[in-house]
Amino acid sequence: IVHYFWFLNSHAINIPHQDDIYDFLQFVSAVESADSTRDALNALFTQYNDHRTSASRLLVFGVYLAEGELNFHTLTLFANLALPLILLLFYLTVREEKYRWVYLLVAALLLINLRYFEIILFSQAAFAYYYVFLYAFACIFTLHKVSGPKFVLAVVFCTLSSLTMASGQIVW
């Protein structure tokens, strides 16, 4: 995991890539120039191409507020944090198993690899795909031994997954 994030930090660039950059840029510009909270919320829920990306936009705007600029290098690092979070959910699921470290090692090797460099190094793709998976796994995790509050939390995760990219609707 440390090597993976070292590689990311070394090779991620502060240059937006692919068509989804306009989604992030237009959203941040719209919120910054919004005259009211209602206008900002309209910008948050505006459809981009065929996608509803409100969950990703919220994360991007949070990073923007923390840094004071839309830095795609930082967005790439932040987007890739979904992978260790998926591993954490997996660990919480198998922590009572005898071979939990073997299971975790296999899962880590499958998740954290450098083969898919376009998703790894470009924040738009990482936000779109990694967070769909994170929200899906979080939903499944909360539905294990379900209760009323856990079911509501699972619905929140499903909604976030649906608002990350169109493929997130499959989580429902």
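Residues numbered from 1 in each chain as written. Predicted model: local features only at pLDDT ≥ 70, side-chain atom pairs only at ≥ 80, totals over all residues. Heavy atoms only, no water.

K.L.:
Is there a simple way to explain the pattern of salt bridges in this structure?
P.N.:
Side-chain pairs of opposite charge can arise where the charged atoms are in close proximity. Per the counting criterion, the structure on display carries two salt bridges. Residues R57 and D23 are paired through a salt bridge, measuring 2.6 Å at the closest nitrogen-oxygen approach. Of this pair, R57 sits in helix α4 (residues 54-67) while D23 sits in helix α2 (residues 21-32), placing them 34 residues apart in sequence. Given a relative accessible area of 3%, D23 falls into the buried group. In this structure, R95 and E96 form a salt bridge, with 3.9 Å as the shortest nitrogen-oxygen distance. (Salt bridge = Lys/Arg side-chain N within 4 Å of Asp/Glu carboxyl O. Helix = DSSP H or I, 4+ residues; strand = E, 2+ residues; numbered from the N terminus. Buried < 20%, exposed > 50% of the residue type's maximum accessible area, 1.4 Å probe, protein only.)

K.L.:
Would you explain helix α5 (residues 72-79) in this entry?
P.N.:
Because an α-helix completes one turn every 3.6 residues, residues spaced three or four positions apart along the sequence face the same direction. The complete set of buried residues in α5 reads F72, H73, L75, T76 and A79. Projected down its long axis, α5 carries its buried residues within an arc of 165°, all on one side. N-capping of α5 is provided by N71, with a side-chain oxygen placed 2.9 Å from the backbone N of H73. (Arc of directions from axis to C-beta. Polar contact = N/O pair within 3.5 Å; in protein donor to acceptor, adjacent residues only side chain to side chain.)

K.L.:
Just to check I follow, could you spell out the confidence of the model for the protein chain for this structure?
P.N.:
Summary statistics for the protein chain give a mean pLDDT of 87 and a share of 96% for residues scoring 70 or more. The weakest mean pLDDT in the protein chain belongs to helix α8 (residues 117-121) at 74; the strongest belongs to helix α6 (residues 82-94) at 94. (pLDDT = per-residue confidence, 0-100.)

K.L.:
I would appreciate a short explanation of the packing of aromatic side chains in the present structure.
P.N.:
A ring pair, where both rings are aromatic, is described by two values, the distance of the centres and the angle of the planes. Within this structure, the stated rule accounts for eight aromatic pairs. Pairing F78 with F127 gives two aromatic rings, centres 6.3 Å apart and planes at 40°, and the pair type is tilted. Taken as a pair, F78 in helix α5 and F127 in helix α9 (residues 123-143) lie far apart in primary sequence, 49 residues in all. Looking at F78, the relative accessible area reads 28%, which means it is partly exposed. Taking the relative accessible area as the measure of exposure, F127 reaches 0% and is therefore buried. The interplanar angle of 20° and the centroid separation of 5.6 Å between the aromatic rings of F127 and Y131 together place this pair among those described as stacked. With F127 and Y131 both in helix α9, this residue pair falls four residues apart, about one helical turn. (Phe/Tyr/Trp six-rings, centres within 6.5 Å; stacked < 30°, edge-to-face > 60°.)

K.L.:
I'm lost on the environment of F5 in this one. Help?
P.N.:
Among the structural elements, F5 can be located in helix α1 (residues 2-11). Here the alpha-carbon distance between F5 and I112, two residues 107 residues apart in the chain, equals 9.5 Å. Leaving out residues up to four positions away in the same chain, F5 has contacts with L77, N80, L81 and P84. (Contact = heavy atoms within 4.5 Å.)

K.L.:
Looking at this structure, I do not really get unusual backbone geometry. What am I missing?
P.N.:
Only a minority of non-glycine residues have a phi that is not negative, and only a minority of peptide bonds are not trans. The backbone of K145 sits at a positive phi, close to 55°, despite the residue not being glycine. If you trace the backbone, K145 turns up in the loop between α9 and α10 (148-162). Accessibility expressed as a relative area gives 67% for K145, which makes it exposed.

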